[in-house]
Each structure stands twice: as structure tokens, then as C-alpha cells.
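Residue strings, one per chain:
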Amino acid sequence: MKLKSLVTVIAMLFAFSFCSASCSNDNERAPRENNENGNNDTISTTKMKITIGTTVFTATLYNNPSAAELKAMLPLTLNMTELNGNEKYYDFPGPFLVNTSVGGDIKAGDLMLYGNNVLVLFYKSFNTSYRYTKLGYIDNPTGLATAMGAGNVVVKFENN
């Protein structure tokens, strides 16, 4: 009889713990992106303008040292190289401070660092196991893939 009671108590504790962990109210927290190291990149109100040809996008930067380094370099006009039919990249000559996390679900408009010096702007969504440092994202990426085109492209980054 004692064993049955113990099993029942353990089952109830497990169920309570599971419900407590999954039944949180997201409205009580500021939006943030968590990486596997337990560090957070909070979304800031810092905006950046990204111009591709005649199309202008607004991006929101994360509140982290890497995004601050990029912002301090603005304005930048970069010849970005096509890769994999889903991203354009630019190799900076020097390193940034980085805090990488597994990419996971990449969204069209994500702006990230690969390694410590490769700026990547994704124009298609996909899933990856590569590691990136999150810099920010284009607020409304509608038309981004068309603006990026099929080959290399000149992209202008500037303060908004």
C-alpha cells in the first residue's frame, strides 16, 4: 500500500512541475532571445536602415555588444556575396565580439554574424545547426528576396 501512495505522490509532483514549467504568462516578460549558454539578447528600440537597390527596409538591432559594434561602424556600403540561394554575406577584415548560439529556425530578414567576422543577411527562412551571433532582423522582410536577387548585391546599412 505504501508503494502505491509513493508512486501517486511522485506522479502528482511530476504533473505539477510540468504544468508550472509550461504554463507561464509571456506577457509578463520583455521580449528576448535566449541562446544555449543562458545569455540573453534583448530586443532594443535601436533601428537601422538597410537599402538594397531602391528598396529600403527598417531593421531592429538586438541589445548586445556585437550589434553595438556594427552600429558604431555605420554607415556602411557592402558588396555582399551570394551563398546557398538563401543568404548574402560580407567578410569584415577584423573580428567582432561574439556570443554564438545554434541558428535553429532562421527567418528571412535575420541579420547575424557567422564566426567572428562574417556578416550574414538571410533572405529566405530555413533551419540550420550552424552557430551564429544574432545582430537583429528586418522588421518587415516582404520583398527582401526580390531585392536581394540571384547574385552578389550592394547593400547599404545606416542609422535610421
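Everything discussed here concerns the structure shown above.
We now turn to the structure provided with this report. In every chain, residue numbers begin from 1 and rise along the written sequence. The predicted nature of this model means local features are confined to residues of pLDDT at least 70 and side-chain atom pairs, given and counted, to a pLDDT of 80 or more, with totals for whole chains, interfaces and linings taken over all residues. Side-chain metrics rest on all non-hydrogen atoms present in the structure, leaving aside hydrogens and water.

### Here we look at the overall build of the protein
Here comes step 1: Here a helix means four or more residues in a row that DSSP labels H or I, a strand means two or more in a row labelled E, and each is numbered from the N terminus. The helix and strand inventory of the protein stands at 3 helices and 10 strands.
Here comes step 2: The order of α-helices and β-strands along the protein, N terminus first, is α-β-β-β-α-β-β-β-β-β-β-α-β.
Here comes step 3: The contact criterion used throughout is that any non-hydrogen atoms of two residues lie within 4.5 Å. Restricting the contact set of the protein to residue pairs at least 6 apart, pairs at least 24 apart contribute 61%.
Here comes step 4: Just so you have it, the protein exposes about 9,400 Å², and 56% of that area is on carbon and sulfur atoms. Using a 1.4 Å probe, the Shrake-Rupley method yields the accessible areas, and only the shown protein chains count as cover for residues.

### Notes on the packing of aromatic side chains
Here comes step 1: Ring geometry is summarised as follows: Phe, Tyr and Trp rings, the Trp one being its six-membered ring, pair when their centres sit within 6.5 Å, and such pairs are stacked at plane angles under 30 degrees, edge-to-face over 60 and tilted between the two. Tallied over the full model, the rule gives 7 aromatic pairs.
Here comes step 2: Aromatic pair Phe122 and Phe126: ring centres 5.6 Å apart, planes at 55°, arrangement tilted.
Here comes step 3: Summary of the burial criterion: residues with accessible area below 20% of their type's maximum are buried, those above 50% are exposed, and those between are partly exposed, where the area comes from a 1.4 Å probe applied to protein chains only. In this structure Phe122 comes out as buried when scored by relative accessible area, which is 0%.

### Overview of the environment of Gly85
Here comes step 1: Mapped onto the fold, Gly85 is located in the loop between strand S4 (76-83) and strand S5 (87-91).
Here comes step 2: Between the C-alpha atoms of Gly85 and Tyr123, which are 38 residues apart in sequence, the distance is 8.6 Å.
Here comes step 3: Once you skip the residues sitting within four places of it in the chain, Gly85 turns out to touch Tyr123 and Lys124.

### Concerning the side chain of Glu87
Here comes step 1: In this fold, Glu87 is placed in strand S5.
Here comes step 2: As used throughout, the charge tally considers Lys and Arg to be positive and Asp and Glu to be negative, leaving His and the chain termini uncounted. A carboxyl oxygen of Asp or Glu within 4 Å of a side-chain nitrogen of Lys or Arg is what we treat as a salt bridge. Comment: no salt bridge for buried Glu87; closest opposite-charge side chain is Lys88, at 10 Å.
Here comes step 3: Not counting the four nearest positions on each side in its chain, Glu87 is found in contact with Thr81, Glu82, Val120, Leu121, Phe122, Tyr123 and Phe126.

### Some points on the pairing of strand S8 (residues 118-122)
Here comes step 1: Among the 5 residues that make up S8, 5 are buried, leaving the element largely enclosed by the rest of the structure.
Here comes step 2: Of the two faces of S8, the one holding Val118, Val120 and Phe122 and the one holding Leu119 and Leu121 are both buried throughout.
Here comes step 3: Where strand S7 (residues 110-114) meets S8, 4 bridges bridge the pair, whose relative direction is antiparallel. By the bridge assignment, Leu111 is partnered in S8 with Leu121.
Here comes step 4: Criterion used throughout: strands pair if DSSP finds at least two bridges between them. Here S7 folds back onto S8, and the loop between the two strands holds 3 residues, one of which, Gly115, carries a positive phi near 65°.

### Quick notes on helix H2 (residues 65-73)
Here comes step 1: Those residues of H2 not exposed but buried are Ser66, Ala67 and Leu70. Each buried residue of H2 lies within a common arc of 95° when the element is viewed along its axis, so the set occupies one face. Residues of H2 that are exposed and angled more than 90 degrees away from the buried face: Pro65 and Ala72.
Here comes step 2: Of the residues flanking the start of H2, the one acting as N-cap is Asn64, its side-chain oxygen 3.1 Å from the backbone nitrogen of Ser66. Taken from the helix axis, the directions to the C-beta atoms give the arc we talk about. Two N or O atoms count as a polar contact when they lie within 3.5 Å, although within protein this holds only if one can serve as hydrogen donor and the other as acceptor, and sequence-adjacent residues are included solely when both atoms are side-chain atoms.

### Observations concerning the environment of Met80
Here comes step 1: By the element assignment, Met80 lies in strand S4.
Here comes step 2: Given a relative accessible area of 0%, Met80 falls into the buried group.
Here comes step 3: Separated by 72 residues in sequence, Met80 and Asn152 have C-alpha atoms that sit 5.6 Å apart.
Here comes step 4: When near neighbours in sequence (up to four residues on either side) are disregarded, Met80 contacts Lys88, Tyr89, Tyr90, Leu119, Leu121, Asn152, Val153, Val155 and Phe157.

### With respect to the pattern of salt bridges
Here comes step 1: Counted under the stated rule, the structure contains 4 salt bridges.
Here comes step 2: With a closest N to O distance of 3.9 Å, Lys156 and Glu158 form a salt bridge.
Here comes step 3: Each of Lys49, Lys156 and Glu158 takes part in salt bridges that share partners, so that together they form one network.

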